[in-house]
Amino acid sequence: MRAQEIRKEALSKLEGNWIPMIGMCLLTAIAIAALNWLSILLVPLLIPGLCVFSLNLVRGTNPDITNLVSTYKNYLNALVAYVLFAVIIAVWTFLIVVPCVFFIHLLFAEIFLEIFISPVLTAYALLMTVCSLLLVIPAVIFYYMFSQIFYLLADNPQIGAVEVLKKSAEMMKGYKWKLFCLHLSFIGWYLLGIVTLGIAFIWVGPYIKTANTIFYENLKSLTDKNTIEVDPLEVK
């Protein structure tokens, strides 16, 4: 199933289910936003719960509001997995930000303030800035590597924190680019959300969440059959 077909199926699954899906997404977003930095304690409960809801919606198994807290028994493992995931991303972000700030500052001093008149130093600072920005790529790779952890927690209530990270990494081998392309195909919808000052995201968010769920379902069906070599975007 191609990205376009996944989006089409997502819209089909949402027919008659827009209101409950929008309600669940809004409830999750508001609850997490309300806690500000303490949201780290709520994300491991509500996001797997939202995944349970969206999986039930896609599978046609009567999703309901209680799904949002249905994974509470595995909360500790979900919290540890989320913290480990956040630490990995944070470390790479730190490795990106610190060098970038330093070398951009150096470039600013060279080019605009003319503190140092040295073409070699300017070229070096420019090169290091570019190299630092390239560190974004590993951060994106790590993000997509662990992108399935909440779906796995939703589907496997007893799975451990380290195990779920390993399982997500295994599932996404060869498919990180596929999921990235699926997300990229929503760029027009992201722009619509920005242009409408976030209003369109009320519909775009559930749409993307449903598409992500369908991608997971396709990927899961492949791993269950031990046919990883097949493209999840080509399987119905």
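Provided above is the structure to which this section pertains.
Residues numbered from 1 in each chain as written. Predicted model: local features only at pLDDT ≥ 70, side-chain atom pairs only at ≥ 80, totals over all residues. Heavy atoms only, no water.

(A) Just the environment of Leu 153, in detail. In this structure, Leu 153 sits in helix α7 (residues 149-155). A relative accessible area of 2% means that Leu 153 is categorised as buried. Considering only alpha carbons, one finds Leu 153 and Cys 51, 102 residues apart in sequence, at a separation of 8.7 Å. (Helix = DSSP H or I, 4+ residues; strand = E, 2+ residues; numbered from the N terminus. Buried < 20%, exposed > 50% of the residue type's maximum accessible area, 1.4 Å probe, protein only.)

(B) Inspection of the side chain of His 183 at higher detail. Tracing the chain through its elements places His 183 in helix α9 (residues 176-184). What makes His 183 buried here is its relative accessible area of 12%. Polar side-chain contacts of His 183 include one of 2.8 Å to the side chain of Asn 212. Once residues lying within four places of it in the same chain are set aside, the contact partners of His 183 are Tyr 144, Tyr 190 and Asn 212. (Polar contact = N/O pair within 3.5 Å; in protein donor to acceptor, adjacent residues only side chain to side chain. Contact = heavy atoms within 4.5 Å.)

(C) Representation of the pattern of salt bridges within the structure. This model, assessed by the stated rule, comprises two salt bridges. Salt-bridge contacts for Arg 59 lead to Glu 217; the nearest nitrogen and oxygen are separated by 2.8 Å. Separated by 158 residues along the polypeptide, Arg 59 in helix α3 (residues 43-59) and Glu 217 in helix α11 (residues 201-224) bring together distant segments of the chain. Taking the relative accessible area as the measure of exposure, Arg 59 reaches 33% and is therefore partly exposed. Where salt bridges share partners, they join Arg 59, Asp 155 and Glu 217 into one cluster. (Salt bridge = Lys/Arg side-chain N within 4 Å of Asp/Glu carboxyl O.)

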